[in-house]
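Summary of the model geometry
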Amino acid sequence: MEYIITFLDKNGLVFAFLVTGLIMYFSEGISKNLTRGKIPGSAISIFMGLVLAYFAGLETLGKKGIADIPGFSGFEIMGGPMFRDFAIVSTAMGASFAIIKKTGPIGVLSLFLGVIISFAAGVIIAYAMGITDAESLTTIGAGACTFVVGPVTGTALGASSDIIAISIAAGVVKSILVTIGTPLIAPYIGLKTPQSAMIFGGLMGTTSGTAAGLAATDPKLVPYGAMTATFYTGLGCLMCPSVLYFLMRAIL
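Under an unreviewed UniProt entry, the name given to the protein is Malonate transporter subunit MadM, and the organism recorded is Aquirufa originis.

Laid out in structure tokens, this is it:
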């Protein structure tokens, strides 16, 4: 047993990717067979990861969570800022600003409105729950944008791990709601053309939720909505830890 643990620690990053891949594989199976694609596999994967991290934290009572468990040390690298930032940058690969300009100023406006409205909604709910410091409010507001923007903002502002976890949970809930709600409201909001899909992606922002929702509405619209949703993530990562945080500091 000691030999196995030593072997896993020496190949920690590879084992971390293996475990993550298995979680994603089973999550996609659950999404396809149990929810019939209404809840995206990525959202289920994130939820399973949060549950695993919670129980791992109870077991180890350490600062690194699951990475404190022998054999799982590779998660310290995989969950670190290097791979996090790499994942954010990789979502923007292939997106062209020249294409997004085809929607005109409305497309750009939808990005800013989407970030600000989601951020404000998250802040209002967090404040109503008794959270009052600017760092925590900003982090949760960023999480209401997407579950990527939340932890990026929380890390930049030095928010606690509990607040960052709440921001991720808020983003996951939003992703599920967008996935389920998109095909239901599409006929009423005219979500039929690539231009409307790009505006919708700019307003909603969550790439996984937007892509899954548009796939259930019209698969041809997925690339357009996902592209602006990718820009939304980048814009949120820029605005939330800077402009919106300074605004929260000024208000509070």
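Buried together is how nonpolar side chains tend to be arranged in soluble globular proteins. Membership of the largest hydrophobic core comes to 29 residues, with the highest contact counts inside it found for Val-115, Phe-119, Cys-145 and Cys-240. Take this core: its biggest share by element is eight residues, from helix α13 (residues 222-251). When residues no more than four places from it in sequence are discounted, the contact partners of Cys-145 are Val-115, Ser-118, Phe-119, Lys-174, Met-204, Thr-206, Tyr-232 and Cys-240. Leu-8, Ile-23, Ala-56 and Ile-66 belong to the second largest nonpolar core, which has nine residues in total.

Our focus in this paragraph is the UniProt feature "transmembrane region" (unreviewed entry) in the protein. Within this structure's numbering, the places UniProt gives as "transmembrane region" (unreviewed entry) are residues 12-30, 42-61, 82-100, 106-130, 137-157, 163-185 and 229-248. Annotation note: span residues 12-30, helix share 100%, strand share 0%, distance between end C-alpha atoms 27 Å. The span residues 163-185 carries 100% helix and 0% strand; its end-to-end C-alpha distance comes to 32 Å.

With that out of the way, let us pick up the packing of aromatic side chains. Under the defined criterion, the tally for this structure stands at four aromatic pairs. Their ring planes at 75° and their centres at 5.7 Å tell us that Tyr-25 and Phe-26 sit as a pair that is edge-to-face. Under the relative-accessibility criterion, Tyr-25 is labelled exposed at 61%. Ring geometry for Phe-72 against Phe-75: centres 6.2 Å apart, planes inclined by 25°, an arrangement best described as stacked. Classification of Phe-75 by relative accessible area gives buried; the value is 17%. By the ring-pair criterion, three or more aromatic residues cluster together here, those being Phe-15, Phe-72 and Phe-75.

Right, let's get into the confidence of the model for the protein. For the protein, per-residue confidence averages 84 on the pLDDT scale, and residues scoring 70 or more make up 89% of the total. Within the protein, the element-level pLDDT minimum falls on helix α6 (residues 97-100), averaging 62, and the maximum on helix α8 (residues 134-145), averaging 95.

Here is what the cut-offs are and how they apply
- Residues numbered from 1 in each chain as written.
- Predicted model: local features only at pLDDT ≥ 70, side-chain atom pairs only at ≥ 80, totals over all residues.
- Heavy atoms only, no water.
- Core = buried A, V, L, I, M, F, W, Y, C linked by side-chain atoms within 4.5 Å.
- Buried < 20%, exposed > 50% of the residue type's maximum accessible area, 1.4 Å probe, protein only.
- Helix = DSSP H or I, 4+ residues; strand = E, 2+ residues; numbered from the N terminus.
- Contact = heavy atoms within 4.5 Å.
- UniProt positions renumbered as here; feature names shortened; annotations may be inferred.
- Phe/Tyr/Trp six-rings, centres within 6.5 Å; stacked < 30°, edge-to-face > 60°.
- pLDDT = per-residue confidence, 0-100.

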